[in-house]
Amino acid sequence: MRNANVIEFPKAQSVRKRLQDKAQEQKAVLVLSIASVLIMTVFLNQWLVRGPDQGVAAAGNRGVASFEPSTFAKDVKWEHDLAKRMAREKFTAAASLAEAPTLRDELVFGFLEGKYGMKTVEGRIESLEFIDAQAGEHPMQIADKAEFLKKYSDAFGVQFAEVSLAQNSSGEQVYSLIDSSKEIVGKAQFVTDDQGRVQAINFAH
């Protein structure tokens, strides 16, 4: 019995060593996979922030062949869809936790579906600009712009009671924002494409 134990002990050590080596290999593969995903995500984010022109120029300076924006169209669309889905889920989660979403949340993530970037100044919306072109999305149609402005007046950060069309030309409509004293307190400019879809909304206070 003593001899048998002496013979089996090295074998047990060998088996344990192989299992440990295999576990280490699996950990290494997992770490490399996570690192690859992170690197690709950072690259795509930088490319989106810098824009396609800067991305191509930087690639040329490093001696890498230039590429067209369509090269990453599917990846960019996937990233935008993911961001919008996460925004909607966050919006839903906030509601389910009894944290009532604000009217501005409803405007940006509800009505505008997360397709427009928002710029604010001193808590007021200065502009809403369509940002999903490279993801294969299209600007939105806003049929009744005056009603849209009145519905989300509190979200814009301007107190007004009436809306009046001040200018209507191809690619641009400007509305006067009028308070209860009949004074003009701001302007809302809708910039549209040739199909009447809203590219941007600019506010002047």
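For the structure, see preceding data.
For clarity, every value in this text was computed on a predicted model and none was experimentally measured.

1. Some words on the pairing of strand E6 (residues 198–204)
Phase 1: By the bridge criterion, three bridges tie strand E2 (residues 124–130) to E6 in an arrangement that is antiparallel. By the bridge assignment, glutamate 129 is partnered in E6 with alanine 200.
Phase 2: Of the pairings in the sheet, the one linking strand E5 (residues 184–192) to E6 comprises six bridges and is antiparallel in character. Paired with glutamine 189 across the strands is asparagine 202, a residue of E6.

2. Regarding the nonpolar core
Side chains that are nonpolar tend, in soluble globular proteins, to be buried together.
Phase 1: Counting 23 residues, the largest nonpolar core has Leu107, Phe148, Leu149, Phe156, Phe190, Ile201 and Phe203 as the members making the most contacts within it.
Phase 2: Among all residues touching phenylalanine 190, those that are not within four sequence positions of it are Ile142, Lys145, Phe148, Leu149, Gly171, Glu172, Gln173, Tyr175, Val198, Ala200 and Ile201.

3. Considering the packing of aromatic side chains
Phase 1: Within this structure, the stated rule accounts for eight aromatic pairs.
Phase 2: The interplanar angle of 55° and the centroid separation of 5.8 Å between the aromatic rings of phenylalanine 111 and tyrosine 152 together place this pair among those described as tilted. Of this pair, phenylalanine 111 sits in helix H4 (residues 103–111) while tyrosine 152 sits in the loop between helix H5 (145–151) and helix H6 (153–156), and the two are 41 residues apart along the sequence.
Phase 3: The exposure class of tyrosine 152 is buried, given its relative accessible area of 2%.
Phase 4: Their ring planes at 35° and their centres at 4.6 Å tell us that phenylalanine 156 and phenylalanine 203 sit as a pair that is tilted. Taken as a pair, phenylalanine 156 in helix H6 and phenylalanine 203 in strand E6 lie far apart in primary sequence, 47 residues in all.
Phase 5: Among the residues examined, phenylalanine 156 registers a relative accessible area of 0% and is labelled buried.
Phase 6: Judged by its relative accessible area of 7%, phenylalanine 203 falls in the buried class.
Phase 7: Through a chain of ring-to-ring contacts, the aromatic side chains of Phe111, Phe148, Tyr152, Phe156, Tyr175, Phe190 and Phe203 assemble into a single cluster.

4. Details of the environment of lysine 145
Phase 1: The residue lysine 145 is located in helix H5 in this model.
Phase 2: Residue lysine 145 is classed as buried on the basis of its relative accessible area of 11%.
Phase 3: Distance in space between the C-alpha atoms of lysine 145 and valine 163 is 9.4 Å, their sequence separation being 18 residues.
Phase 4: The residues contacting lysine 145, other than those within four sequence positions of it, are Gln173, Tyr175, Phe190, Thr192 and Val198.
Phase 5: Within polar-contact distance, the side chain of lysine 145 engages the backbone oxygen of isoleucine 142 at 3.2 Å.

The rules behind these values
Residues numbered from 1 in each chain as written. Predicted model: local features only at pLDDT ≥ 70, side-chain atom pairs only at ≥ 80, totals over all residues. Heavy atoms only, no water. Pairing = 2+ DSSP bridges. Helix = DSSP H or I, 4+ residues; strand = E, 2+ residues; numbered from the N terminus. Core = buried A, V, L, I, M, F, W, Y, C linked by side-chain atoms within 4.5 Å. Buried < 20%, exposed > 50% of the residue type's maximum accessible area, 1.4 Å probe, protein only. Contact = heavy atoms within 4.5 Å. Phe/Tyr/Trp six-rings, centres within 6.5 Å; stacked < 30°, edge-to-face > 60°. Polar contact = N/O pair within 3.5 Å; in protein donor to acceptor, adjacent residues only side chain to side chain.

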